[in-house]
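Residue-level structural notes
The chain contents come next:
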Amino acid sequence: MTVSATTRIRESLIGLRMTRAMEVLDHTLQRLEKGEISALEAVDDLLNEEYSSREGRRVGVALTTARLTPVKTLESFDFSFQPSLDRNRIMALAQLEFINRSEVVHFLGPPGTGKSHLATALGVAAVKAGKSVYRATLAELIDALVKAEREGRLAEKIRFYARAALLIVDEIGYLPISSGGANLFFQLVNARYEKGAMILTSNRGFAEWADVFGDPVVATALLDRLLHHAVVVQIEGASYRLRSHADLIPEHVRANAPISPPPPPKKRGRPAKTRSNDE
């Protein structure tokens, strides 16, 4: 290969801003001159190095923008510590078809059982697959919506949260929600209904959502939409974070709170009359 050709390649890489390809160019040319690789393989190596570098930067920026740091992965999740979890079911969710179907995934269970880890890991998988993701706690979402409403930007803020292909709402039930905040969250859920996927994590069962949101009417309306196209994953077990100190936790604190499905709807109308023994 002539010097002029090498110079032109360098200039082209600089012009195309292919910085990683520039970094490995000399090494690739040396391998080519030694006959270790063919010309086609040399081009393939340069392009692969550049693509991998750019993809790594894209994922890194996307993870930060999505608020998915520190990064959690399914590979780092200890399924052996939570035998109640069906590993195959979780790995099926990692195929991300639920995002294409605009479904809602619920992770329910006591604190420390891996709900947030799994939610974040699925979000990371979605980012790597090129999908837009955003994660926030319920308290953070409502605070942002309340501020936007006060500033006259509520519609704009709801559009922002509705834009992501996957919205992760963490820690439902950990902090009390005002009725006004519950209404704002309902508006967001309604905007995403059948249009965008969600992952929700909660330490409270659906039957307790009236208490969580401070309004049984709003809670019912939320569940109506969030359970229509839903996958519910219930995790039962001890806290992973406290596994090394379980003997220091009082027994009544270690006991897992039941996470139950919503009760059947009450029948409308007057109750049926009962016959007395005298009749």
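Further up the page is the structure itself.
Throughout what follows, the structure given in this document is the object of discussion. Within each chain, residue numbers correspond to sequence positions counted from 1 in written order. Only residues with pLDDT of 70 or above have their local features reported here, since the model is predicted, and side-chain atom pairs are shown and tallied only from 80 upward, although totals for entire chains, interfaces and linings are computed over all residues. Water and hydrogen atoms were dropped before computing side-chain values, which therefore reflect all heavy atoms in the structure.

What to know about the nonpolar core
The biggest cluster of nonpolar side chains holds 33 residues, and the ones touching the most others in it are V169, F185, W209 and F213. Put simply, DSSP H or I for four residues or longer makes a helix, DSSP E for two residues or longer makes a strand, and each gets a number counted from the N terminus. For this core, the leading source of residues is helix α9 (residues 179–192), giving six residues. In this analysis, two residues are considered to be in contact whenever any of their non-hydrogen atoms come within 4.5 Å of each other. Those residues in contact with V169, other than ones at most four positions away along the chain, are A136, L138, L141, F185, M198, I199, L200 and T201. Grouped together as the second largest cluster of nonpolar side chains are 30 residues, L63, I99, A126 and I199 included. By nonpolar core is meant a set of buried Ala, Val, Leu, Ile, Met, Phe, Trp, Tyr and Cys residues that side-chain atoms within 4.5 Å join together. A 1.4 Å probe rolled over the protein chains alone gives each residue an accessible area, and that area as a share of the maximum for its type sets the label: buried under 20%, exposed over 50%, partly exposed in between.

Re the environment of M18
Along the chain, M18 falls in the loop between α1 (3–15) and α2 (19–33). Ignoring anything within four residues of it in the chain, the contact list for M18 reads L13, L47, E50 and R54.

Considerations on the pairing of strand β1 (residues 104–108)
The buried count for β1 comes to five of five residues, which makes it a mostly enclosed element. Burial along β1 is two-sided: V104, H106 and L108 facing one way and V105 and F107 facing the other are all buried. When DSSP finds two or more bridges between a pair of strands, those strands are recorded as paired. Where β1 and strand β5 (residues 230–234) come together, five bridges link them in parallel fashion. Paired with L108 across the bridge in β5 is Q234.

Structural notes on empty space enclosed by the protein
A probe matching the size of a water molecule, rolled over the atoms, marks out where space remains unfilled. The distinction between a cavity and a pocket rests on a 1 Å grid over the protein atoms alone: a 1.4 Å probe fits inside a cavity but cannot get out, while a pocket stays open yet meets protein on both sides within 12 Å along at least five of seven lines, and a residue with an atom within 4 Å of a point counts as lining. Grid points are joined across faces, edges and corners, and a volume is the space filled by probe spheres set on the points. All told, the structure shown has one cavity of 30 Å³ or more when counted by the stated rule. By volume, the largest cavity is sized at about 80 Å³. Lining of the largest cavity is provided by S102, V104, V189, R192, Y193, E194, G196, M198, R225, L226 and H229. The set of elements that each furnish at least two residues to the lining of the largest cavity consists of α9 and α11 (216–226). By the convention adopted, Pro, Cys, Tyr, Trp, Phe, Met, Ile, Leu, Val and Ala count as nonpolar, Lys, Arg, Asp and Glu as charged, and the other residues, Gly among them, as polar. Classifying every residue of the lining of the largest cavity by side-chain character gives five nonpolar, three polar and three charged.

Let's talk about the sheet that holds β5
One open sheet accounts for five strands, arranged β2-β3-β4-β1-β5; its pairing is parallel. At either end of the open sheet lies a strand with only one pairing partner, and these are β2 (133–137) and β5. On average, each strand axis in the sheet is tilted by 15° relative to the strand beside it, whichever way the strands run. Pairing of β2 with strand β3 (residues 166–172), which is carried by five bridges, proceeds in the parallel orientation. Residue pairing in the sheet places A136 in a bridge with V169 of β3. In this description, a line fitted to the C-alpha atoms serves as the axis of each element, helices being fitted only across the stretch in contact, and the angle between N-to-C directions of two axes falls anywhere from 0 to 180 degrees.

Comments concerning the pattern of salt bridges
A side-chain nitrogen of Lys or Arg and a carboxyl oxygen of Asp or Glu constitute a salt bridge if their distance falls within 4 Å. Per the stated rule, a full pass over the model turns up 13 salt bridges. For D170, the salt bridge is made with R135, and the minimal N-O distance between the two is 3.0 Å. Of this pair, D170 sits in strand β3 while R135 sits in strand β2, placing them 35 residues apart in sequence. The pair formed by D170 and R135 is uniform in burial state, with each residue classed as buried. What emerges from the salt-bridge pattern is a single network uniting R20, E23 and E49.

Just distances and angles here, no functional claims.
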